[in-house]
Amino acid sequence: MKVHPQAGRPAPRAQLTNIPRLVAAYYAIQPDLDDPGKRVSFGTSGHRGTSPEGSFNERHVLAIAQAVCEGIAAAHTAQDAEGKTLPLVHAQLGPHQVFLSWEGDVLLLGVGLSTIFRLAAGLDAVPDAVSSFVAPEVRKGGALTVRAIVYTAAGIIWWLMTHEPFPTMPRSLRTKRPDLDKKLVSLVDRALSPNLMKRRVTCAQLARAIEASGLADPADLISDWDIDALELSDDTPEPLAQD
């Protein structure tokens, strides 16, 4: 086998990635929404995009965050064929439940009716790596509620926008990203309030704020969102009893 002339040697500077240029392009370049090649796409090695080419920039990430919020909002308002609200069982949300398909769809796993079966199968444990996304009141033994899920959704946005590990006591997003839309930042900060009475924010509001900011357009940058909720039918098995 022929040995490459650079084998065992440091890579020439010309072959190294220009990291400052890569980071600057991530924030500065606006994807061309008319170019299919600028949409989120995945392959065997993960997302196939790079910021200098406008195929993976902050607007893509914001579009994903908006799709996550829209998916949760849809789960909270899901109805059956007769218009009755479906029995949503809250599960602790976290980044480990957000997936992107090959087509660029945003998938939320473990949200909605399927949570009943996850609980029965003992699959509802929250990985330690994402425990900081759990709302303060839930960490103290409180119940999972809509406001607790909103806290986690806002935490995911904070994490995506700061590129820092999400702490158990997050600082205001305004101090981290003063360049972002003020209304969006204000809603995220309110959603992350440890005080339940101050956390009067919904995932639908977060999604609308991202959309109104003009920084992202999920309809153009990604395909769609989806939820793995199961529809109840006569053939749907009853959840297993727990001790």
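Residues numbered from 1 in each chain as written. Predicted model: local features only at pLDDT ≥ 70, side-chain atom pairs only at ≥ 80, totals over all residues. Heavy atoms only, no water.

Draft legend 1. Examining the packing of aromatic side chains more closely. Counted according to the given criterion, the structure contains six aromatic pairs. Between the aromatic rings of Phe133 and Phe166, the centroid separation amounts to 4.8 Å while the plane-to-plane angle is 25 degrees, which identifies the pairing as stacked. Remark: Phe166 occurs in the loop between α5 (146-162) and α6 (173-176) and Phe133 occurs in the loop between α3 (114-120) and α4 (136-139); sequence separation between them is 33 residues. You'll find Phe133 and Phe166 in the same group, each marked buried. In this structure an aromatic cluster arises from ring pairing among Phe133, Tyr151, Trp158, Trp159 and Phe166. (Phe/Tyr/Trp six-rings, centres within 6.5 Å; stacked < 30°, edge-to-face > 60°. Helix = DSSP H or I, 4+ residues; strand = E, 2+ residues; numbered from the N terminus. Buried < 20%, exposed > 50% of the residue type's maximum accessible area, 1.4 Å probe, protein only.)

Draft legend 2. Geometry of the environment of Thr145. Note that Thr145 resides in the loop between α4 and α5. Put simply, Thr145 and Ala135 are ten residues apart on the chain and 9.6 Å apart in space, counted from C-alpha to C-alpha.

Draft legend 3. Local environment of the packing of α5 against helix α8 (residues 203-212). Packing of α5 against α8 leaves a shortest axis separation of 9 Å and a crossing angle of 25 degrees. Here α8 runs roughly parallel to α5, going by the angle between their axes. Residues Val150, Ala153, Ala154 and Ile157 of α5 lie in contact with α8, whose contacting residues are Cys203, Leu206 and Ile210. Per-class residue counts for the contact of α5 with α8 are seven nonpolar, no polar and no charged. (Axes fitted to C-alpha atoms, helices over the stretch in contact; angles between N-to-C directions. Parallel < 35°, antiparallel > 145°, perpendicular 65-115°, else oblique. Contact = heavy atoms within 4.5 Å. Nonpolar A, V, L, I, M, F, W, Y, C, P; charged D, E, K, R; others polar.)

Draft legend 4. Fine view of the nonpolar core. Counting 38 residues, the largest nonpolar core has Ile157, Met161, Val188 and Leu206 as the members making the most contacts within it. Counting residues per element, the ones that place at least two in this core are α2 (58-76), α5, α7 (182-191) and α8. Here this core gets eleven residues from one element, more than from any other, and that element is α5. Not counting residues up to four positions away in its chain, the partners in contact with Ile157 are Ala65, Cys69, Val188, Leu206 and Ile210. (Core = buried A, V, L, I, M, F, W, Y, C linked by side-chain atoms within 4.5 Å.)

Draft legend 5. Summary view of the pattern of salt bridges. Inspection of every chain in the model, using the stated rule, returns four salt bridges. With its nearest N and O atoms 2.6 Å apart, the salt bridge here joins Glu58 to Arg177. Of this pair, Glu58 sits in helix α2 while Arg177 sits in the loop between α6 and α7, and the two are 119 residues apart along the sequence. Across the pair, exposure class does not vary: Glu58 and Arg177 are buried alike. Among the ionic contacts, a cluster of salt bridges with common partners joins Glu58, Arg177 and Asp179. (Salt bridge = Lys/Arg side-chain N within 4 Å of Asp/Glu carboxyl O.)

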